[in-house]
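# Examination of the molecular architecture
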Amino acid sequence: QNQRVSQWGDVDALPARLGWTPAFQPLWHDDVAANLGGWNSESAVAMSGARFVSLTGPVARLERAISSYFLDLASSKGYVEVSPPLVVSRTALEGTSQLPKFEN
């Protein structure tokens with residue numbers, strides 16, 4: 001079992017602080033995104049393999065906004081942004097005609 005090193009806030013007081021009624025059941029982030037119609041793991045798996053997800057509409061915009069906010073915040077504190085190559089499978093590159101044309 002993991003040992004708790006530190007704790008911040010009062011998890012038991014959170015529902016009252018947020019105004020949740022006793023009937024309210026919080027959802028995982030992927031369930032919220034799926035309920036909004038912006039989460040599609042099946043299409044992402046077909047493109048890139050397991051453990052990827054495709055975001056659309058307002059969910060994709062939210063992800064971009066959160067990323068931009070935190071990159072701006074970190075950059076203001078000296079962080080240097082890096083844009084690494086994106087990971088895609090060979091099948092995805094063949095399906096978009098990038099392979100074998102650019103294989104070498």
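Okay, so let's go over this structure. For clarity, every value in this text was computed on a predicted model and none was experimentally measured.

When its secondary structure is counted, the protein chain shows five helices and two strands. Secondary structure elements in the protein chain, listed N-terminal to C-terminal, are α-α-β-α-β-α-α. At 20 Å, the protein chain has a C-alpha radius of gyration far larger than the 13 Å of a compact globule built from 104 residues. Expressed as a percentage of its 104 residues, the buried residues of the protein chain come to 8%. Within the protein chain, residue pairs in contact and separated by at least 24 positions form 19% of the contacts whose partners lie at least 6 positions apart. For the protein chain, the accessible surface area stands at approximately 9,400 Å², while carbon and sulfur atoms represent 58% of it. Here the protein chain contributes 8 positively and 10 negatively charged side chains, and the mean placements of these two sets differ by 5 Å.

Here Ser54 shows up in strand 2 (residues 54–55). When its relative accessible area of 17% is taken as the criterion, Ser54 is described as buried. Residues in contact with Ser54, not counting those within four places in the same chain, are Gly38, Trp39, Asn40, Ser43 and Ala44.

With that out of the way, let us pick up the environment of Leu93. Secondary-structure assignment places Leu93 in helix 5 (residues 90–95). Taking relative accessible area as the criterion, Leu93 reaches 28% and is therefore assigned partly exposed. Remark: the alpha-carbon pair of Leu93 and Met47, spanning 46 residues in sequence, is separated by 8.8 Å.

Rules used throughout
Residues numbered from 1 in each chain as written. Predicted model: local features only at pLDDT ≥ 70, side-chain atom pairs only at ≥ 80, totals over all residues. Heavy atoms only, no water. Helix = DSSP H or I, 4+ residues; strand = E, 2+ residues; numbered from the N terminus. Rg over C-alpha atoms; globule rule 2.2 N^0.38 Å. Buried < 20%, exposed > 50% of the residue type's maximum accessible area, 1.4 Å probe, protein only. Contact = heavy atoms within 4.5 Å. Areas by Shrake-Rupley, 256 points an atom, 1.4 Å probe, with all protein chains shown as cover. Lys, Arg positive; Asp, Glu negative; His and termini not counted. Charge placed at Lys NZ, Arg CZ, Asp CG, Glu CD.

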